[in-house]
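Structural overview for review
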Amino acid sequence: MSKDVGSKILKRKRLERFDTDVLIVGAGPVGLTLAMDLAWRGVQVSVAELRHRGEPPNVKCNHVSARSMEIFRRLGVAAALRNAGLPADYPNDVSYRTTATGVELARIAIPSRADRYTDRSGPDGWWPTAEPPHRINQIYLEPVLFAHAEAMPGLRILNRTEVEGFVQDDAGVTATLRDLETGEKRQITARYLVGCDGGKSEIRKAIGAKLHGDAVVQKVQSTFIRAPSLLGLMKEKPAWATFSANPRRCGNMYAIDGRETWLIHNYLRPGEDDFESVDRDQCIRFILGVELDFTYEVISKEDWIGRRLVADRFRDRRAFICGDASHLWVPMAGYGMNAGIADAMNLSWQMAAELKGWAAPEILDAYEAERQPITEQVSHFAMNHAIALGKQRAAVPDDIEMPGAEGDVARAQFGRQLYELNVNQYCCGGLNFGYFYDKSPIIAYDGEQAPAYTLADFTASTVPGCRTPHVRLRDGRSLYDALGPDYTLLRFDRAIDVGALVSAAAACNVPLAVLDVDTDDKDWSGIYQEKLVLSRPDQHVAWRGDALPPDPQQLVDLIRGAGPGRRERQAA
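1. Considering the environment of Tyr487
- Note that Tyr487 resides in strand S20 (residues 487–491).
- Between the C-alpha atoms of Tyr487 and His265, which are 222 residues apart in sequence, the distance is 43 Å.
- Sequence-distant contacts of Tyr487, that is, excluding residues within four places in its chain, are made with Trp349, Trp358, Val510, Pro511, Leu512, Ala513, Leu534, Ser535, Arg536, Pro537, Ala542 and Ile559.

Dropping the structure here:
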């Protein structure tokens, strides 16, 4: 029997009792990414979404991290995303000014999307990746993801559908769906359910998970406006983000379409507890540096509270939570959505492995074991940075707008302070590439500690649990473009016989590709010191060595979730 025929028979048997393999609640960026990756791996997915098809999201996330863009590259949607958002030549810089129309204090130079692949001059230009970050608001991001997801085989999106509740047993989940247009109710059965339903997640409540941490870190009065004349009033070159620092009011402004729409964050001060108690119009004018004759339209109010909250559990048997459903924090470095996408990619391959039969059910224990500690770390990074920014806003010099030499000195000094603190969040290499999984049940640790990382800095490493270091192959391809969809054994010495590991994997139906790495990248030898490195489906290192382990079968069992102390299950 051919592999393709066998796969179709297995899929048919798997779905005989179930309407879908995985039911995802929520079609935001996290839910869509999870759905796309599962479908790409051959899993049948249904997504329940409250909104109408084509209904835009709120104006929220403005940044897609490099790590997320690597994921979207693999899913075949990176190019479409890169071509959406701000005009191609619009600067992606971050500008610090006395007001949006005032004097510039500092500028973090980030190339426009037209030059993003070729211009390495910015503070993130050295990053080891084929996909740099992308500045794009969620109102442009989400439609691209939706269109790509909707076109994928095996993936269906149920708009205007609410999941009212669910029950589960050892075999699967039965959820009650309600059509919000007709009120009609029906049931759907799935092997697994994943809540990607945001900060007020009903799925989180249903599994009994509780949020713990800091309920209020920062309150922000946020306003989405249309102001066609604003760009022409600016004395400085436009920027993706413009931060205003003056004694009257500090705030941040993001360019949404690069022409006339802007999102303005007014950071409330201690004692300003109610969003409407602060004069919104006056604060907007202080931030923009405009008088009463300046006109603008309020499109929507987007007020928000920055928190640092992480759920005490990410799973109850066959029900999981991802993204804002499992963690909420101040969106420093734009890492709320991007952390959720990382959650989705971690869970997706493990779930697909179990559904396809080559992994033991216990492989899914790794999701919470790996992702919960990372979200705790990132939440503290974000909160600490938010606190530091609050102190900096409170320390704006009274003479920062004073003309002449005295004002020039104040502006130069404060500008340096603004740059030094904020370049870390807008070019956050550590959050992209530095995090590692150090307590996973499916990683073969070897005793070496992974390198520490900060918000901005990291050290590429093959220590098990770290991100598989990126290199350029001799033929010009990215290493990530050459990796297989599942496990890939990187071999840096063709003389090493890896047949025993390949055979052990084949005996358990564990998909394992072997890639002989051929590169003239001058940095690879200092990073890839071992001759063999096993890369997981999510591009994290699972094992490394100069020779195969004495018992290759033991390693295979470990990486498929059937390691020591776990229930063995020979893959079907």
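2. Structural notes on the pattern of salt bridges
- Counted according to the given criterion, the structure contains 47 salt bridges.
- Notably, a salt bridge pairs Arg160 with Glu181, separated by 2.6 Å at the nearest N-O pair. With Arg160 in the loop between strand S7 (155–159) and strand S8 (161–168) and Glu181 in the loop between strand S9 (173–179) and strand S10 (185–195), this pair connects stretches of sequence that are 21 residues apart.
- You can call Arg160 partly exposed: its relative accessible area is 22%.
- In this structure, Asp316 engages Arg313 in a salt bridge whose closest nitrogen and oxygen atoms are separated by 3.7 Å.
- Here Asp316 falls in the buried class, since its relative accessible area comes to 16%.
- Taking the relative accessible area as the measure of exposure, Arg313 reaches 28% and is therefore partly exposed.
- Among the ionic contacts, a cluster of salt bridges with common partners joins Arg73, Arg82, Glu131 and Asp481.

3. Things to note about the confidence of the model for the protein
- Looking at the protein, the pLDDT average stands at 92 and 95% of residues meet or exceed 70.
- Low pLDDT, under 50, characterises residues 5–10; the stretch is placed with 3 contacts to residues that sit more than four places away or in other chains.
- Considering only residues more than four positions removed or in separate chains, one finds that residues 567–572, a stretch of pLDDT under 50, has 24 contacts.

4. Description of the pairing of strand S13 (residues 251–255)
- Among the 5 residues in S13, 5 count as buried, and that is most of the element.
- Neither face of S13 is open: one carries Gly251, Met253 and Ala255, the other Asn252 and Tyr254, and all of them are buried.
- Both strand S12 (residues 241–244) and S13 contribute to a ladder of 4 bridges, which runs antiparallel. Along S13, the bridge assignment pairs Ala241 with Tyr254.
- Counted along the chain from S12 to the antiparallel partner S13, the turn is 6 residues long.
- Remark: 5 residues form the turn of the hairpin made by S13 and strand S14 (residues 261–267), two consecutive strands paired antiparallel; Gly258 in that turn has positive phi of roughly 80°.

5. Some points on the sheet that holds S20
- An order of S21-S20-S22-S23 is seen for the 4 strands of this open sheet, with the pairing classed as mixed. The two strands at the open ends of the sheet, each matched to only one other strand, are strand S21 (512–516) and strand S23 (541–545). Geometrically, the sheet is characterised by an average inter-axis angle of 20° between neighbouring strands, direction not taken into account.
- As defined by bridge partners, S20 adjoins strand S22 (residues 532–535) across 4 bridges and the pair is classed as antiparallel. When the bridges of S22 are listed, Leu489 appears paired with Leu534.

6. Some thoughts on the packing of aromatic side chains
- This structure, assessed with the given rule, holds 17 aromatic pairs.
- A centroid spacing of 5.4 Å and a plane angle of 85° characterise the contact between Trp127 and Phe433, whose relative ring orientation is edge-to-face. Pair noted here: Trp127 is in the loop between strand S5 (104–108) and strand S6 (134–135) and Phe433 is in helix H12 (residues 429–434), with a separation of 306 residues, a long-range link. Each of the two residues, Trp127 as well as Phe433, counts as buried.
- Linked through ring pairs, Trp126, Trp127, Phe433 and Phe458 together constitute an aromatic cluster.
- Between the NZ or CZ atom of Arg318 and the centre of the ring of Tyr192, over which it lies, the distance is 4.8 Å.

Analysis parameters
- Residues numbered from 1 in each chain as written.
- Predicted model: local features only at pLDDT ≥ 70, side-chain atom pairs only at ≥ 80, totals over all residues.
- Heavy atoms only, no water.
- Helix = DSSP H or I, 4+ residues; strand = E, 2+ residues; numbered from the N terminus.
- Contact = heavy atoms within 4.5 Å.
- Salt bridge = Lys/Arg side-chain N within 4 Å of Asp/Glu carboxyl O.
- Buried < 20%, exposed > 50% of the residue type's maximum accessible area, 1.4 Å probe, protein only.
- pLDDT = per-residue confidence, 0-100.
- Pairing = 2+ DSSP bridges.
- Axes fitted to C-alpha atoms, helices over the stretch in contact; angles between N-to-C directions.
- Phe/Tyr/Trp six-rings, centres within 6.5 Å; stacked < 30°, edge-to-face > 60°.
- Lys NZ or Arg CZ within 6 Å of the ring centre and 35° of its normal.

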